[in-house]
Amino acid sequence: QAQFAESGGGLVQSGGSLRLSCVHSGAIFRGGLFSLSTMGWYRQAPGKQRELVAHITPDSDPNYADAVNGRFTIARDNAKKSVYLQMNSLNPEDTAVYFCNRVGALLAWGQGTQVTVSS
């Protein structure tokens with residue numbers, strides 16, 4: 001089944017940075033649908049619900065949750081059907097599995113990428 005493929009996670013110390021990437025492998029985004037979709041990065045920490053931390057509109061207007069505003073930057077490449085998340089000044093509260101997906105009309109979730117921040 002076509003799904004999102006997230007990468008770039010890892011183990012970093014508090015204050016460090018990571019850059020996450022996401023690409024969709026399926027046919028659903030052919031014909032320009034990706035460029036018309038608002039795309040988001042979500043995260044799920046152990047024992048917590050999945051939450052939307054950043055999203056980017058078709059016009060590349062970014063929006064961030066308060067917890068990450070000023071530290072994370074979302075970007076997109078429509079030609080590559082990819083979404084990116086630059087994460088700076090990471091802290092242990094950012095530890096989670098990170099996923100990408102559309103905002104609103106969700107597609108099948110990918111495996112996510114684990115981000116672990118040590119204190």
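Anything mentioned here points back to the structure above.
Throughout what follows, the structure given in this document is the object of discussion. Note that this is a predicted model, so its numbers are computed, not measured.

1. With respect to the sheet that holds strand 5 (residues 51–56)
Phase 1: Reading across the sheet, the 6 strands line up as 2-10-9-4-5-6 and stay open at both edges, with mixed pairing between neighbours. Edge positions in the sheet fall to strand 2 (10–13) and strand 6 (62–64), since each of these pairs with one other strand and no more. Going from strand to strand, the sheet's axes swing by 25 degrees on average, the running direction of each strand aside.
Phase 2: With 3 bridges connecting them, strand 5 and strand 6 associate as antiparallel partners. In the strand pairing of strand 6, I56 is matched with P62.

2. Some points on the sheet that holds strand 1 (residues 4–7)
Phase 1: Taking strand neighbours across the sheet as the criterion, the 4 strands line up as 1-3-8-7 in an open arrangement whose pairing is antiparallel. Looking at the sheet topology across the chains shown, the edges are occupied by strand 1 and strand 7 (72–77). Pairs of neighbouring strands in the sheet enclose a mean axial angle of 15 degrees, with direction left out of account.

3. Thoughts on the pattern of salt bridges
Two side chains carrying opposite charge are able to pair once their charged atoms lie near each other.
Phase 1: Inspection of the entire model under this criterion finds 3 salt bridges.
Phase 2: Note that R43 is salt-bridged to D94, the shortest N-O span being 2.9 Å. Residue R43 is located in strand 4 (residues 39–44), and its partner D94 is located in the loop between strand 8 (82–87) and strand 9 (96–102); the two are separated by 51 residues in the primary sequence.
Phase 3: Note on D94: relative accessible area 1%, which makes it buried.
Phase 4: With a shortest N-O distance of 2.7 Å, D94 and R71 are connected by a salt bridge. With a gap of 23 residues between them, D94 in the loop between strand 8 and strand 9 and R71 in the loop between strand 6 and strand 7 connect regions that are remote in the sequence. Grouping residues by exposure puts D94 and R71 together as buried.
Phase 5: Salt bridges sharing common partners tie together R43, E51, R71 and D94.

4. Considering the state of the cysteines
Phase 1: Taken as a whole, this structure holds 1 disulfide when the rule is applied.
Phase 2: In this model C22 forms its disulfide with C100; the gap between the sulfur atoms is 1.6 Å. Of this pair, C22 sits in strand 3 (residues 18–24) while C100 sits in strand 9, placing them 78 residues apart in sequence. Just as C22 is buried, C100 falls in that class too.

Definitions and limits used
- The numbering scheme is per chain: residues are counted from 1 as the chain's sequence reads.
- Two thresholds apply to this predicted model, a pLDDT of at least 70 for residue-level local features and 80 or more for giving and counting side-chain atom pairs, whereas whole-chain, interface and lining totals are computed over all residues.
- For side-chain calculations, the full set of non-hydrogen atoms in the structure is used, while hydrogens and water are omitted.
- Think of it this way: DSSP has to see at least two bridges between two strands before they count as a pair.
- Secondary structure elements follow DSSP: runs of H or I of four or more residues count as helices, runs of E of two or more count as strands, with numbering from the N terminus.
- The axes used here are C-alpha line fits, helices contributing only the stretch in contact, and every angle between their N-to-C directions lies in the interval 0 to 180 degrees.
- A pair is scored as a salt bridge if a Lys or Arg side-chain nitrogen falls within 4 Å of a carboxyl oxygen belonging to Asp or Glu.
- Only protein chains enter the area calculation, which uses a 1.4 Å probe; residues under 20% of their type maximum are buried, those over 50% are exposed, and those in between are partly exposed.
- By definition, disulfides here are pairs of cysteine sulfur atoms that lie within 2.5 Å.

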